[in-house]
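# Tertiary structure, described
Here are the chains, one letter per residue:
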Amino acid sequence: MTQTEIPGLPARLYSASPSKLSMWLDCPRAYRMRYLDRPSPPGRPQRAHTSVGLVVHNVLRDFWDLPEHARTPDAVRELVRTSWIDVGFRDAEQSARWRARITDEVLDYLRESDRSTQPAGIERTVGLKTATLALTGRIDRLDDRDGELVVVDYKTSRRPLGHDDARTSLALAFYAQAVARLFRRACTRVELHHVPTREVVAHDHTPESLERKAAEAESIGRDLRAADASYAELGVESAAFAPRPSALCRWCDYRQHCPEGQLMGPEQQSWAALEPQA
């Protein structure tokens, strides 16, 4: 339901999250199905790489709840075992093989981490208000390194990180700004930690680069506000939600409801992102 604005008063802040902004950029039709259509069209079952990503994030979250003396390899193995999500895999053999692989990857990642220093925050929900937006999101990890706050985001994709991935990330810039306001301390460094390879891609923002990212988010928010208003008036007949066909269509949860997306090729197997050569 669209909120009615009172003439003469400023418009309400538009509520959004980094994932909501990102989905609009990827495909307006998928955005409409996910956020506006009610009931939302049924999506496909969860894919294996999503299961893996959730497990890794849950294990790295729960690891820091352990007492320091209990942060052992056996404890990590047990966390993976109890957190494992057996969904999306081709069969039980593939699931078991990936559980062993993920256990090794998380162990290797933690061996190269400072396990004695407790992070300043784990899966911390943060918010940020701009002139037009009310953004909310959740940070994987927040480090305090010699007085400097650092935003850490875990990545589990089989695709290696790009050199500019941290610099261009709208979500990471939002997290840095939100943390700075919440703790009233400078936070300019953001890092992507690729757990499978233990690669870290970092970027040190400036006040100017953070302002540019905030302006980018506000621009997307204005587009979303207009699109939502169009949907409230015209529903699925609105021209604001034309599909944006791309290679992503073969992975889209809503491709069964999108003829244009189906033309981009057959749907990828639910485990293809883990073993693309298979």
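Residues numbered from 1 in each chain as written. Predicted model: local features only at pLDDT ≥ 70, side-chain atom pairs only at ≥ 80, totals over all residues. Heavy atoms only, no water.

Two strands pair when backbone bridges link them, and strand 1 (residues 14-16) and strand 3 (residues 133-145) are joined in this way by 3 bridges, in the parallel orientation. The residue of strand 3 that forms the bridge with Y14 is L133. As judged from the 8 bridges shared by strand 2 (residues 121-129) and strand 3, these two strands associate in the antiparallel manner. In the strand pairing of strand 3, G121 is matched with L142. Hairpin geometry of strand 2 and strand 3 is characterised by an intervening segment of 3 residues between the two adjacent antiparallel strands. By the bridge criterion, 5 bridges tie strand 3 to strand 4 (residues 148-155) in an arrangement that is antiparallel. Bridge assignment links D144 to a residue of strand 4, and that residue is L149. Between strand 3 and strand 4, which pair antiparallel one after the other, the connecting turn spans 2 residues, and D146 there sits at a positive phi close to 55°. (Pairing = 2+ DSSP bridges. Helix = DSSP H or I, 4+ residues; strand = E, 2+ residues; numbered from the N terminus.)

All right, on to the packing of helix 3 (residues 48-63) against helix 5 (residues 92-111) then. For the pair helix 3 and helix 5, the least separation of the axes is 11 Å and the interaxial angle reads 40°. What the angle tells us is that helix 3 and helix 5 run oblique. Our pair here, helix 3 against helix 5, has a crossing hand that is right-handed. Together, V52, V56, V59, L60 and F63 of helix 3 and I102, V106, Y109 and L110 of helix 5 make up the contact between the two elements. Taken together, the residues of the contact of helix 3 with helix 5 break down into 9 nonpolar, no polar and no charged. (Axes fitted to C-alpha atoms, helices over the stretch in contact; angles between N-to-C directions. Parallel < 35°, antiparallel > 145°, perpendicular 65-115°, else oblique. Left-handed = near helix turned anticlockwise from the far one by under 90°. Contact = heavy atoms within 4.5 Å. Nonpolar A, V, L, I, M, F, W, Y, C, P; charged D, E, K, R; others polar.)

In this section: unusual backbone geometry. At the junction of R38 and P39, the peptide bond is cis and its omega measures out at 0° in the coordinates. Mapped onto the fold, P39 is located in the loop between helix 2 (28-36) and helix 3. Positive phi, normally seen in glycine, also occurs at D146, with a value near 55°. In this fold, D146 is placed in the loop between strand 3 and strand 4. A residue is classified by how much of its surface remains accessible, and D146, at 85% relative accessible area, is exposed. Although it is not a glycine, R198 sits at a positive phi angle of roughly 65°. Along the chain, R198 falls in the loop between strand 5 (189-194) and strand 6 (199-204). (Buried < 20%, exposed > 50% of the residue type's maximum accessible area, 1.4 Å probe, protein only.)

Take the pattern of salt bridges next. Across all of its chains, the model carries 25 salt bridges by this definition. We note a salt bridge from D91 to R90, for which the minimum N-O separation is 3.7 Å. Under the relative-accessibility criterion, D91 is labelled partly exposed at 34%. Under the relative-accessibility criterion, R90 is labelled partly exposed at 39%. The residue R167 makes a salt bridge to D164 at a minimum N-O spacing of 3.5 Å. The class of R167 is partly exposed, set by a relative accessible area of 39%. Accessibility expressed as a relative area gives 35% for D164, which makes it partly exposed. A single network of salt bridges, built from pairs that share partners, joins R141, D143, R145, R189, E191 and D204. (Salt bridge = Lys/Arg side-chain N within 4 Å of Asp/Glu carboxyl O.)

In contact at an axis separation of 9 Å, helix 7 (residues 170-183) and helix 8 (residues 207-234) are set at 115° when each is read in the N-to-C sense. Every pair of crossing elements has a handedness; the one defined by helix 7 and helix 8 is left-handed. Across from L170, A173, A176 and Q177 in helix 7, the residues of helix 8 making contact are L210, E211, K213, A214, E216, A217 and I220.

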